[in-house]
Amino acid sequence: MRPTMDREKESISVEEDRPNNNNGLDTLGLPKPGTPERLVAERKLVRKLDSRLLPTVVVIYIMNYIDISNTQH
């Protein structure tokens, strides 16, 4: 019976040692919506996505233009 009680105490102490998530972050570790930190994080994300996607879109657009111009001649 004693080992069971020790296990219960260990699980209780582990839960007590967990940090409290009331430090201004949501469950994903991002700042809460509407805060200036969240707006900065969103802008960084949009710039990162733009820098990765736009070059590919430009290349596809140029290839489409070349293809159309080749079929017209």
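Only a predicted model underlies this, so the values are computations on that prediction, with no experimental measurement involved. (Residues numbered from 1 in each chain as written. Predicted model: local features only at pLDDT ≥ 70, side-chain atom pairs only at ≥ 80, totals over all residues. Heavy atoms only, no water.)

What follows covers the pattern of salt bridges. Taken as a whole, this structure holds 1 salt bridge when the rule is applied. Note that Glu 42 is salt-bridged to Arg 38, the shortest N-O span being 3.4 Å. Placement of the pair is Glu 42 and Arg 38 together in helix H2 (residues 36–72), with a separation of 4 residues, close to one helical turn. The exposure class assigned to Glu 42 is partly exposed, which follows from its relative accessible area of 39%. (Salt bridge = Lys/Arg side-chain N within 4 Å of Asp/Glu carboxyl O. Helix = DSSP H or I, 4+ residues; strand = E, 2+ residues; numbered from the N terminus. Buried < 20%, exposed > 50% of the residue type's maximum accessible area, 1.4 Å probe, protein only.)

In this section: a nonpolar patch on the surface. Taken together, the side chains of Val 58, Tyr 61, Ile 62, Tyr 65 and Ile 66 make up a nonpolar region of the molecular surface, amounting to roughly 560 Å² of accessible area. In this fold, Tyr 65 is placed in helix H2. The exposed category is assigned to Tyr 65, whose relative accessible area is 60%. (Patch = residues over 30% accessible without salt bridge, like charges linked within 9 Å, V, L, I, M, F, W, Y side chains within 5 Å. Areas by Shrake-Rupley, 256 points an atom, 1.4 Å probe, with all protein chains shown as cover.)

With that settled, the discussion passes to the side chain of Arg 38. Look at Arg 38 and you get buried, because its relative accessible area is 17%. Polar side-chain contacts of Arg 38 include one of 2.8 Å to the backbone oxygen of Pro 31. (Polar contact = N/O pair within 3.5 Å; in protein donor to acceptor, adjacent residues only side chain to side chain.)

So, about the environment of Leu 25. Turning to its location among the elements, Leu 25 is positioned in the loop between helix H1 (2–17) and H2. Leu 25 sits in the partly exposed class, given a relative accessible area of 32%. Separated by 13 residues in the primary sequence, Leu 25 and Arg 38 place their C-alpha atoms 9.5 Å from one another. In contact with Leu 25, not counting residues within four places along its chain, are Leu 30, Pro 31 and Lys 32. (Contact = heavy atoms within 4.5 Å.)

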